[in-house]
Amino acid sequence: ANTAFGLTTGTSVEVGVKNSLFGERLDLTVAGYRIEQDNIITRDPRDFNISIQGGRRSSVGVEIAAAAA
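Residues numbered from 1 in each chain as written. Predicted model: local features only at pLDDT ≥ 70, side-chain atom pairs only at ≥ 80, totals over all residues. Heavy atoms only, no water.

**Details of the environment of Val13**
Applicable threshold: Helical segments are the DSSP runs of H or I of at least four residues, strand segments are the runs of E of at least two, and each set is numbered from the N terminus. Type-normalised accessible area, obtained with a 1.4 Å probe on protein chains alone, sets the label of each residue: buried when under 20%, exposed when over 50%, and partly exposed for intermediate values.
Structurally, Val13 can be placed in strand β1 (residues 10-19). What makes Val13 exposed here is its relative accessible area of 61%.

Okay, structure coming up:
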């Protein structure tokens, strides 16, 4: 019954940097996240007889910001 769904598993890493520095009088942002997802077929919360794409997705990350004038 679940052959219509593709099981999605994966891990991704996202990293970002943003800056302005002294011309704009310093703005900094640094970010890093790790995102995981797996087994995303789950039951429909409105009808437990139906399977839908769902499952677990989680992320852990850090974001640092600074500003000055």
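**Some points on the side chain of Asp44**
Here is the rule we go by: Residues adjacent in sequence count toward polar contacts only when both atoms are side-chain atoms; beyond that, a polar contact is any pair of N or O atoms within 3.5 Å, and within protein one must be able to donate a hydrogen and the other to accept it. The contact criterion used is simple: two residues touch if any of their non-hydrogen atoms lie within 4.5 Å.
Structurally, the position occupied by Asp44 is in strand β3 (residues 41-44). Here the side chain of Asp44 touches Arg46 through a polar contact of 3.0 Å, landing on its backbone nitrogen. In this structure Asp44 touches Ile50 and Ile52, once residues within four positions along its chain are discounted.

**Notes on the sheet that holds strand β5 (residues 56-67)**
Rule in force here: When DSSP locates at least two bridges between a pair of strands, those strands are taken to pair. Angles here are taken between N-to-C directions and fall from 0 to 180 degrees, while the axes themselves are lines fitted to C-alpha atoms, restricted in helices to the stretch in contact.
Strand order in the open sheet formed by 3 strands is β1-β2-β5, and the pairing between neighbours is antiparallel. In the strand order of this sheet, the two ends are held by β1 and β5, each with one partner. Within the sheet, the average angular offset between the axes of one strand and its neighbour, ignoring direction, is 5°. Bridge count for strand β2 (residues 27-38) against β5 is 12 bridges, and the pairing is antiparallel. Across the sheet, Asp27 pairs through a bridge with Ala67, a residue of β5.

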